[in-house]
Amino acid sequence: MFLPANPYDMRCPSREMLDLIGGKWAILILCCLQQGPVRTGSLMRQIGGISQKMLTQTLRDLEQNGFVERISYPEVPPRVEYRLTELGQSLSALARTLEQWVVAHYETILAHRDQRQNETRIALSQ
């Protein structure tokens, strides 16, 4: 039997789950996989800036935790795709909501950031 999850306890394994699903690469991968099974090359093209190493590691972590399924086809050359599990689909819906929130509030956030930077410059110059 497992103890209840407590992400505020640094010893609780739920903290590791938050680290994984809260990372930018996991969120972007989950959103990309909502469209259906995807090959790693396609994920690399969709997610600008992710290295092959980070993509592979994040996919492995997502697979190990039950969010993603790796499908290997016995072909020459070998073909591998990744798709969301049922658990991954429920998480990807939350990730998509977060993505949509960022897009909807992007300009407002940038305006606040610029305002704070300008206020800091003015304060430092005085």
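Overview of the structure. All values reported here derive from a predicted model rather than from experimental measurement.

Rules of the game
- Residues numbered from 1 in each chain as written.
- Predicted model: local features only at pLDDT ≥ 70, side-chain atom pairs only at ≥ 80, totals over all residues.
- Heavy atoms only, no water.
- Helix = DSSP H or I, 4+ residues; strand = E, 2+ residues; numbered from the N terminus.
- Rg over C-alpha atoms; globule rule 2.2 N^0.38 Å.
- Buried < 20%, exposed > 50% of the residue type's maximum accessible area, 1.4 Å probe, protein only.
- Contact = heavy atoms within 4.5 Å.
- Areas by Shrake-Rupley, 256 points an atom, 1.4 Å probe, with all protein chains shown as cover.
- Polar contact = N/O pair within 3.5 Å; in protein donor to acceptor, adjacent residues only side chain to side chain.
- Core = buried A, V, L, I, M, F, W, Y, C linked by side-chain atoms within 4.5 Å.
- Pairing = 2+ DSSP bridges.
- Patch = residues over 30% accessible without salt bridge, like charges linked within 9 Å, V, L, I, M, F, W, Y side chains within 5 Å.
- Salt bridge = Lys/Arg side-chain N within 4 Å of Asp/Glu carboxyl O.
- Axes fitted to C-alpha atoms, helices over the stretch in contact; angles between N-to-C directions.
- Parallel < 35°, antiparallel > 145°, perpendicular 65-115°, else oblique.
- Nonpolar A, V, L, I, M, F, W, Y, C, P; charged D, E, K, R; others polar.
- Expected span 1.5 Å × (residues − 1).

## A few points about the overall build of the protein chain
Per the secondary structure count, the protein chain includes five helices and three strands. When the elements of the protein chain are put in sequence order from the N terminus, they spell out α-α-β-α-α-β-β-α. In terms of C-alpha radius of gyration, the protein chain reaches 19 Å, well past the compact-globule figure of 14 Å for 126 residues. Buried residues in the protein chain amount to 25% of all 126 residues. In the protein chain, 42% of the contacts between residues at least 6 apart in sequence involve partners at least 24 apart. Of the roughly 9,400 Å² that the protein chain leaves accessible, carbon and sulfur atoms contribute 57%.

## Some thoughts on the side chain of Glu 81
For Glu 81, the location among the structural elements is in strand 3 (residues 79-84). A distance of 3.1 Å separates polar atoms of two side chains, one belonging to Glu 81 and the other to Arg 79. Setting aside its immediate chain neighbours within four residues, Glu 81 contacts Pro 37, Val 38, Arg 39, Glu 69, Arg 70, Ile 71 and Tyr 73.

## So, the nonpolar core
Judged by nonpolar contacts, the single largest core of 23 residues is most densely connected at Ile 29, Leu 33, Leu 43, Ile 47, Leu 59, Leu 62 and Val 68. Among the secondary structure elements, those contributing two or more residues to this core are helix 2 (24-33), helix 4 (52-64), strand 3 and helix 5 (86-125). Here the element with the most residues in this core is helix 2; it accounts for eight residues. Not counting residues up to four positions away in its chain, the partners in contact with Ile 29 are Ile 47, Ile 50, Leu 55, Thr 58, Leu 59 and Leu 62.

## Considerations on the sheet that holds strand 1 (residues 38-39)
Strand order in the open sheet made by the three strands is 1-3-2, with antiparallel pairing throughout. Each having just a single partner strand, strand 1 and strand 2 (68-73) make up the two edges of the open sheet. Relative to strand 3, strand 1 is paired through two bridges, and the arrangement is antiparallel. In the strand pairing of strand 3, Val 38 is matched with Tyr 82.

## Describing a nonpolar patch on the surface
There is a patch of nonpolar side chains on the surface, built from Leu 98, Trp 101, Val 102 and Ile 109 and spanning about 350 Å² of accessible area. Position of Ile 109 among the secondary structure elements: in helix 5.

## Examining the pairing of strand 3
When strand 2 meets strand 3, the two strands line up antiparallel, connected through six bridges. Within strand 3, the position partnered with Arg 70 by the bridge is Tyr 82. Between the antiparallel neighbours strand 2 and strand 3 lie five residues.

## As for the packing of helix 2 against helix 4
Relative orientation and spacing of two packed helices are given, respectively, by the angle between their axes and the distance between those axes. As a packed pair, helix 2 and helix 4 sit with axes 10 Å apart at the nearest point and diverge in direction by 75°. If you check the angle between helix 2 and helix 4, you find them roughly perpendicular. Here helix 2 contributes Trp 25, Ala 26 and Ile 29 to the contact with helix 4, which in turn contributes Met 54, Leu 55, Thr 58, Leu 59 and Leu 62. Considering only residue class, the contact of helix 2 with helix 4 consists of seven nonpolar, one polar and no charged.

## Observations regarding helix 5
Over its 40 residues, helix 5 extends 55 Å from the first C-alpha to the last, a length consistent with the 58 Å expected when each residue adds 1.5 Å. Residues of helix 5 that are buried: Gly 88, Leu 91, Ser 92 and Ala 95. On its buried side, helix 5 packs onto helix 1 (14-21), helix 2 and strand 3.

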